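Secondary and tertiary structure notes
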Amino acid sequence: MGSRLGDKKHRHDVYFKKAREENYASRAVYKLQEVDNKYRILRKGMRVIDLGAAPGSWSQYAAKKITSSGHLVSVDLNELAITLPPWAKFFQSDFNNLDYAEIMAEIGGTFEVVLSDMAPSTTGIKFTDCVRSAELVNSILDRIPDLLVAGGSFYCKIFQGEGFDPTLRRVHELFKRVKIIKPDSSRAESKEQFIYAWERKPLS
Ligand SMILES: C[S@@+](CC[C@H](N)C(=O)[O-])C[C@H]1O[C@@H](n2cnc3c(N)ncnc32)[C@H](O)[C@@H]1O
């Protein structure tokens with residue numbers, strides 16, 4: 001019998017191997033797939049934005065789910081390691097620097113789903129890393145009223161720690177339904193958590 005650590009490593013090797021076998025750019029895909037299987041976040045024809053998309057597995061998965069009748073916009077500071085289909089457009093940029101009004105005009109409307117697996121470059125200092133992760137999520141939340149249709153959904157990564165609770169309160173203000181999720185494929189020792197929020201409230 002293996003040790004607990006051995007078992008955990010084996011489980012994660014399984015996700016790594018599975019991603020390679022299924023031609024995904026990263027094992028991160030299962031942190032989206034697992035939640036999508038449960039909540040049906042992504043559907044045919046949707047307009048979706050994927051923030052922090054590189055190397056590209058969430059975008060590969062989302063593009064497949066929305067099919068060619070949808071629109072995917074992927075954004076990252078770094079290049080993607082994969083090629084996306086024609087109904088996806090990639091911007092290599094800080095997500096704060098994009099002209100979303102222009103992008104949404106091009107794809108014919110506001111997004112129905114906002115995804116973010118963005119993570120700050122980590123320092124190893126838990127407090128700092130958590131604050132930076134919360135800052136990224138708060139910058140997205142600032143844009144939610146413009147980016148996301150009323151009724152739309154939001155799935156994002158955030159580190160558990162400083163900044164988490166006030167960020168979560170903001171999410172509750174914007175959405176009717178909110179869940180905190182730790183997907184099976186997320187390493188137990190990682191401080192990452194995911195927030196799934198849906199039914200964005202109409203602007204009051
Ligand atoms: C964990 S990776 C994302 C993995 C991706 N979901 C996948 O499936 O391949 C986090 C990404 O967030 C990106 N990122 C961090 N800050 C960003 C910012 N301000 N604007 C755009 N991308 C950012 C990083 O460059 C990094 O590639």
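To start, this report covers the structure provided alongside it. All values derive from a computational prediction rather than experimental measurement.

With that out of the way, let us pick up the sheet that holds strand β4 (residues 111-116). Ordered in space as β3-β2-β1-β4-β5-β7-β6, the 7 strands form an open sheet in which the pairing is mixed. Of all strands in the sheet, those with a lone pairing partner are β3 (88-92) and β6 (175-181), marking the two edges. The mean inter-strand angle of the sheet, taken between neighbouring strand axes irrespective of direction, is 15°. One ladder, built from 6 bridges, connects strand β5 (residues 148-159) with strand β7 (residues 192-200); its direction is antiparallel. Bridging across to β7, I158 finds its partner in Q193. Sitting on the sheet, helix α2 (residues 29-39) touches β4, β5, β6 and β7, and the angle it makes with β7 is about 35°.

So, on to α2. Of all the positions in α2, only V29, Y30, K31, L32, Q33, V35 and D36 are classed as buried. Two residues or fewer past α2, R40 is found with a positive phi of approximately 55°.

Here we take up the site of the ligand. Taken together, 18 residues lie around the ligand, and G56, S57, W58, D76 and D117 are the ones closest in. The side chain of S57 places a nitrogen or oxygen atom 2.5 Å from an oxygen atom of the ligand. Side-chain polar atom of N78 to an oxygen atom of the ligand: 3.2 Å apart, as the coordinates give it. Out of a free accessible area of 610 Å², the ligand has 86% covered by protein chains. Among the residues forming the shell around the ligand, the class breakdown is 9 nonpolar, 5 polar and 4 charged.

This paragraph deals with the side chain of K31. Looking at the secondary structure, you find K31 in helix α2. Judged by its relative accessible area of 9%, K31 is buried. Once residues lying within four places of it in the same chain are set aside, the contact partners of K31 are W58, Y155, P183, S185, S186, E192 and F194.

What follows deals with the environment of E21. With respect to the helices and strands, the residue E21 is situated in helix α1 (residues 4-21). C-alpha of E21 to C-alpha of G52: the two residues are 31 residues apart in sequence and 23 Å apart in space.

To continue, consider the nonpolar core. Counting 32 residues, the largest nonpolar core has L51, Y100, I144, F154 and F175 as its most contacted members. The element that contributes the greatest number of residues to this core is helix α5 (residues 126-147), accounting for 7 residues. In this structure, Y100 is in contact with I49, L51, F95, R143 and L147, ignoring residues within four places of it in sequence.

What counts and how
- Residues numbered from 1 in each chain as written.
- Predicted model: local features only at pLDDT ≥ 70, side-chain atom pairs only at ≥ 80, totals over all residues.
- Heavy atoms only, no water.
- Pairing = 2+ DSSP bridges.
- Helix = DSSP H or I, 4+ residues; strand = E, 2+ residues; numbered from the N terminus.
- Axes fitted to C-alpha atoms, helices over the stretch in contact; angles between N-to-C directions.
- Contact = heavy atoms within 4.5 Å.
- Buried < 20%, exposed > 50% of the residue type's maximum accessible area, 1.4 Å probe, protein only.
- Near = heavy atom within 4 Å.
- Polar contact = N/O pair within 3.5 Å; in protein donor to acceptor, adjacent residues only side chain to side chain.
- Areas by Shrake-Rupley, 256 points an atom, 1.4 Å probe, with all protein chains shown as cover.
- Nonpolar A, V, L, I, M, F, W, Y, C, P; charged D, E, K, R; others polar.
- Core = buried A, V, L, I, M, F, W, Y, C linked by side-chain atoms within 4.5 Å.

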